[in-house]
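# Structure assessment
Each chain is listed here by its residues.
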Amino acid sequence: MLQDIEPYLVCPHCARPLALDDRTLRCADGHGFDQARQGYVSLLAGDARAGTADTADMVAARSGFLAAGHYAPLERALAAAAAEVPARSGLVADLGAGTGHYLARVLEARPGAAGAALDLSKYALRRAAKAHPRIGAVVCDAWRPLPLRDDAADVLLNVFAPRNGPEMRRVLRPGGRLLVAAPTSRHLRELVGALDLLSVDEDKDRRIGQKLGPWFTPVGRTEVEFALRLSRTDAAAVVGMGPSAWHTDRDALAAALAALPEPVEVTGSVLVTAYE
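Residues numbered from 1 in each chain as written. Predicted model: local features only at pLDDT ≥ 70, side-chain atom pairs only at ≥ 80, totals over all residues. Heavy atoms only, no water.

## Some words on the UniProt feature "domain: Methyltransferase" (unreviewed entry) in the protein chain
The positions that UniProt labels "domain: Methyltransferase" (unreviewed entry) are, in the present scheme, residues 92–176. Annotation note: span residues 92–176, helix share 27%, strand share 32%, distance between end C-alpha atoms 10 Å. (UniProt positions renumbered as here; feature names shortened; annotations may be inferred. Helix = DSSP H or I, 4+ residues; strand = E, 2+ residues; numbered from the N terminus.)

## So, the nonpolar core
Counting residues in each nonpolar core, the largest one holds 55 residues, and the members touching the most others are Tyr71, Leu78, Leu191 and Leu195. Residues in contact with Leu195, not counting those within four places in the same chain, are Val239, Leu253, Ala256, Leu257 and Leu260. Counting 35 residues, the second largest nonpolar core, distinct from the first, contains Phe33, Leu43, Val138 and Val171. (Core = buried A, V, L, I, M, F, W, Y, C linked by side-chain atoms within 4.5 Å. Buried < 20%, exposed > 50% of the residue type's maximum accessible area, 1.4 Å probe, protein only. Contact = heavy atoms within 4.5 Å.)

## Some points on the pairing of strand S8 (residues 153–159)
Burial within S8 is extensive, with 7 of its 7 residues counted as buried. By the bridge criterion, 3 bridges tie strand S5 (residues 91–95) to S8 in an arrangement that is parallel. Its bridge partner being in S8, Val92 is matched across the sheet by Val155. When S8 meets strand S9 (residues 172–183), the two strands line up parallel, connected through 6 bridges. From the neighbouring strand, Asn158 faces S9, where its bridge partner is Val180. In this view, the connection linking S8 to its parallel neighbour S9 by way of helix H6 (residues 165–171) has right-handed handedness. (Pairing = 2+ DSSP bridges. Right-handed = clockwise from strand over helix to strand, strands pointing away.)

## Remarks on the sheet that holds strand S6 (residues 114–119)
The 8 strands lie next to each other as S4-S7-S6-S5-S8-S9-S11-S10, forming an open sheet whose pairing is mixed. Of all the strands in the sheet, just strand S4 (41–42) and strand S10 (218–230) have a single pairing partner and so form its edges. Strands in contact with helix H3 (residues 72–83) are S8, S9, S10 and strand S11 (264–275); relative to S9, the strand with the most contacts, it is inclined by about 165°. (Axes fitted to C-alpha atoms, helices over the stretch in contact; angles between N-to-C directions.)

## Comments concerning the sheet that holds strand S1 (residues 19–21)
Ordered by their spatial adjacency, 3 strands build an open sheet running S1-S2-S3, and the pairing between neighbours is antiparallel. Whereas interior strands pair on both sides, the edge strands pair on one side only; in this sheet they are S1 and strand S3 (32–34). Averaged over all neighbouring strand pairs, the angle between strand axes comes to 30°, with direction disregarded. Relative to S3, strand S2 (residues 24–26) runs antiparallel, the two being bridged by 3 bridges. Residue Arg26 lies in a different strand from S3, and its bridge partner there is Gly32.

## Some details on the pattern of salt bridges
Using the criterion set out here, one finds 18 salt bridges in the structure. The partner of Asp54 in a salt bridge is Arg62, with the nearest N and O atoms 2.9 Å apart. You'll find Asp54 and Arg62 in the same group, each marked buried. One salt bridge connects Arg232 with Glu262, and the closest N-O pair in it is separated by 3.2 Å. Of the two residues, Arg232 is situated in helix H9 (residues 232–241) and Glu262 in the loop between helix H10 (250–258) and S11; the sequence distance between them amounts to 30 residues. For Arg232, a relative accessible area of 31% gives the class partly exposed. Since its relative accessible area comes to 47%, Glu262 is described here as partly exposed. (Salt bridge = Lys/Arg side-chain N within 4 Å of Asp/Glu carboxyl O.)

And the structure:
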């Protein structure tokens, strides 16, 4: 709910605090932002572009796949890591929250915390706004100043999403935790070759650490590896919900999916790194 995250929000134009007036967020400078009927609010600056946001089809594929529990081991790992962080500010923010699925699981492990789902896709945030009673959903651009006050969050989630180091550092309170979940080179390896998907290079973890290094120090790592038994429909959802969706020929994909055994045995492999 927007009222749960109102104390942490700032105006994307002037960075002044926002206050909720009925269904509109307003700052002292007179900027106003109306809540959509689907529950989210857009705090995009006027010159921001949403051209790279997840489409309605991508969001639908991800929602169904995650709801089926395929990534439950990752959900548990994130919730366990978040539960260890002392509650001070009372906010969990998820940058690149998508449908709010992981944020909802983390909020279950942190009773009383508010959750800010931050994403560029309004299609995703329509679902995030309903994913948990304590989630407030906000459209924003990860590469621009985030509409959160300084030191706002106890926990900052970043699951398969863009990482803006300086802004993430600004909005995470001292002593809080940034939890980054990123695929390893083994993630979905059985599908990468069979379906001609984008692969993850073995140097990804080092590159993430190097990029975040000026602002964060790693304090813990958990490798989450699990076996998946996927139908062809599930495999199609994996393609449709991720970055490969932008680079796949539909006819070639359909032929490749038809050639898969059913179910197909697939490896899930994700590294969860905690930073301070």
